[in-house]
Amino acid sequence: MAKQIKTIGVLTSGGDAPGMNAAIRAVVRTGLAHGLKVKGIQKGYNGLISDEVIDMDRTSVSDIIQRGGTILYTARCLEFMTEEGQKRGAEICKKHGIDGMVVIGGDGSFRGAQALSKAGINVIGLPGTIDLDIACTDYTIGFDTAVNTAMEAIDKIRDTSTSHERCSIIEVMGRNAGYIALWCGIANGAEDILLPEKYDNDEQAIINHIIEGRKKGKKHHLIINAEGIGHSAGMARRIEAATGVETRATILGYMQRGGSPTVTDRVYASLMGSYAVDLLMEGKNNRLVARKDGKITDFDIDEALAMTKNIDEFEYQVSQILSK
Ligand code: ADP
Ligand code: F6P
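Everything numeric in this text was worked out from a predicted model, so none of it was measured.

Caption draft 1: Broad picture of the site of ligand 2. Residues in contact with ligand 2, as listed here, are Arg 76, Thr 129, Asp 131, Met 173, Gly 174, Arg 175, Glu 227, Tyr 254 and Arg 257. Residue Asp 131 places a side-chain N or O atom 2.6 Å away from an oxygen atom belonging to ligand 2. Here an oxygen atom of ligand 2 sits 2.8 Å away from a polar atom, N or O, in the side chain of Glu 227. Among the detected pockets, ligand 2 sits in the largest pocket. Residues of the shell around ligand 2, tallied by class, amount to 2 nonpolar, 2 polar and 5 charged. Counting only domains with at least three residues in the shell around ligand 2, you end up with domain 1 (7-142 + 261-306) and domain 2 (146-257).

Now the structure itself:
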């Protein structure tokens, strides 16, 4: 028989992402609607181990759906990667009567979730990361806001690039994944889009592209460079020396993680948060909520973590055709 859940916990872990608050709100309010007690764990697995657990009611999540960041705070926690840390985490859950936990975070956080599940707590993961790098899902909480923030910033840089007839290299986040770079590349109409999954280090091709552009009368040249490739400043120096075109690098950085979530992030985070509580109510364990082929669904966490994600070939081909 499925375990009857009475008290659930919710935590955010890893990098913060816009929409995490909407997800927390949905978990809390859906839990309360089902007659469950809901606890918030502050500062991710760090706060779990150090017993930073608070009671959540309807008003604890009032006025947060529009806010970036996470009201529960987030952290990275080395100790939770040890068996001892995981055992301590499960003990704290038991101390508070928490029999079901919702973990909102990225791949790393789901490895922690797996461990907590093995230690006897029913766990459901929600994909919360701006990087979109979780293989089983077409959507992650925060990507839409982050990519919109980056797109708007790049539009502004383009104005300066055109006015000064410069080449601009803009480095966007994404850890080892190129999704933010690819989407900005398409949305900002960039001339070159460098993705860790695809880039062959052929800087000469970029240099030739800039020189051809100048001959055609192009006033600017935008290069979107993914964080996973990095080294934008050095690239700018080499490109300027080779082309004679003034070249500047901008690293967008943490502005991509903050800000008020878009409608997409608010709505999908709400749906996923609610869905996670439904799974716990059904006695499900070690599942990861995903959006696949237009529907909210769920995967076994072990299977989800074993999947690999590739850049969508059609999106990549279109980006290449449109940028040349
Ligand atoms: P993200 O969840 O955004 O991918 P991290 O990779 O930094 O971020 O992981 C967040 C936290 O998840 C880590 O600081 C750690 O506490 C926990 N974690 C990561 N990997 C493991 C693991 N193999 N076992 C247990 N916990 C882990
Ligand atoms: O996972 C989100 C992310 O912003 C990545 O794009 C980036 O590589 C990383 O987190 C930065 O992490 P930190 O907050 O530890 O600097």
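Caption draft 2: Geometry of the site of ligand 1. Around ligand 1 sit 15 residues, and of these Arg 76, Cys 77, Gly 106, Gly 108 and Ser 109 come closest. Residue Ser 109 places a side-chain N or O atom 2.5 Å away from an oxygen atom belonging to ligand 1. Gly 112 places a main-chain nitrogen or oxygen 3.5 Å from a nitrogen atom of ligand 1. Within the complex, 82% of the 550 Å² of free accessible area of ligand 1 lies under protein. Cavity membership is defined here by more than half of the atoms lying within 2 Å of grid points; on that basis ligand 1 lies in the largest pocket. A per-class count over the shell around ligand 1 returns 4 nonpolar, 8 polar and 3 charged.

Caption draft 3: Representation of the side chain of Asp 298. By the secondary structure assignment, Asp 298 is in strand 11 (residues 295-300). A polar atom in the side chain of Asp 298 sits 2.5 Å from the side chain of Tyr 275. In this structure the side chain of Asp 298 is engaged in a polar contact, spanning 2.8 Å, whose partner is the side chain of Arg 287. Residues in contact with Asp 298, not counting those within four places in the same chain, are Tyr 275, Leu 279, Arg 287, Leu 288, Val 289 and Ala 290.

Caption draft 4: View of the domain arrangement of the protein chain. On domain assignment, one finds that the protein chain holds domain 1 (7-142 + 261-306) and domain 2 (146-257). Each of domain 1 and domain 2 was reduced to a C-alpha centroid, and the two centroids are 35 Å apart. Together domain 1 and domain 2 conceal approximately 880 Å² of surface at their shared face, both sides included; 52% is due to carbon and sulfur atoms. Counting the contacts that link domain 1 with domain 2 gives 2 salt bridges. In this structure, the salt-bridge partner of Asp 16 is Arg 257, at a minimum N-O distance of 2.7 Å. In this assembly, domain 1 and domain 2 are joined by 2 residue pairs in polar contact (both at pLDDT 80 or more). Considered class by class, the residues forming the side of domain 1 that touches domain 2 number 4 nonpolar, 3 polar and 4 charged.

Caption draft 5: How the structure looks around the environment of Tyr 179. By secondary structure assignment, the location of Tyr 179 is in helix 6 (residues 179-187). Judged by relative accessible area, which is 5%, Tyr 179 ranks as buried. Ignoring anything within four residues of it in the chain, the contact list for Tyr 179 reads Asp 131, Leu 132, Asp 133, Phe 143, Glu 197, Lys 309, Asn 310 and Ile 311.

Caption draft 6: Structural view of the packing of aromatic side chains. Scanning all chains against the criterion turns up 3 aromatic pairs. Measuring from centroid to centroid gives 5.0 Å for Tyr 139 and Tyr 268, while their planes differ by 75 degrees, and the two rings are edge-to-face. With Tyr 139 in the loop between strand 5 (122-127) and helix 5 (143-163) and Tyr 268 in helix 9 (residues 263-281), this residue pair connects regions lying 129 residues apart in the sequence. Residue Tyr 268 is classed as partly exposed on the basis of its relative accessible area, which comes to 21%. Each ring, one from Phe 143 and one from Trp 183, has its centre 5.6 Å from the other, and the planes form 80 degrees; the classification is edge-to-face.

Caption draft 7: Representation of the layout of surface pockets in the model. Of the volumes computed, that of the largest pocket is approximately 680 Å³. Considering the residues around the largest pocket, the lining is formed by 29 residues, among which Gly 14, Gly 15, Arg 76, Gly 108 and Arg 175 are closest to the centre. Considering only residue class, the lining of the largest pocket consists of 9 nonpolar, 11 polar and 9 charged. There are two domains that each give the lining of the largest pocket at least three residues, and those are domain 1 (7-142 + 261-306) and domain 2 (146-257). Taken together, 19 residues form the lining of the second largest pocket, with Leu 132, Asp 138, Tyr 139, Trp 183 and Glu 315 sitting closest to its centre. When contributions to the lining of the second largest pocket are tallied by element, the ones reaching two or more residues are helix 5, helix 6 and helix 9. Of all the elements, helix 6 adds the most residues to the lining of the second largest pocket, at 3 residues. Shared between two domains, the lining of the second largest pocket takes at least three residues from each, and those domains are domain 1 (7-142 + 261-306) and domain 2 (146-257).

Conventions and cut-offs
Residues numbered from 1 in each chain as written. Chains lettered and ligands numbered in written order. Predicted model: local features only at pLDDT ≥ 70, side-chain atom pairs only at ≥ 80, totals over all residues. Heavy atoms only, no water. Near = heavy atom within 4 Å. Polar contact = N/O pair within 3.5 Å; in protein donor to acceptor, adjacent residues only side chain to side chain. 1 Å grid on protein atoms, 1.4 Å probe; cavity = no way out; pocket = protein on both sides within 12 Å on 5 of 7 lines; lining within 4 Å. Sits in = over half its atoms within 2 Å of the grid points. Nonpolar A, V, L, I, M, F, W, Y, C, P; charged D, E, K, R; others polar. Domains from an automatic or database assignment. Areas by Shrake-Rupley, 256 points an atom, 1.4 Å probe, with all protein chains shown as cover. Helix = DSSP H or I, 4+ residues; strand = E, 2+ residues; numbered from the N terminus. Contact = heavy atoms within 4.5 Å. Buried area = accessible area lost by both parts, 1.4 Å probe. Salt bridge = Lys/Arg side-chain N within 4 Å of Asp/Glu carboxyl O. Buried < 20%, exposed > 50% of the residue type's maximum accessible area, 1.4 Å probe, protein only. Phe/Tyr/Trp six-rings, centres within 6.5 Å; stacked < 30°, edge-to-face > 60°. Points joined across faces, edges and corners; volume = space filled by probe spheres on them.

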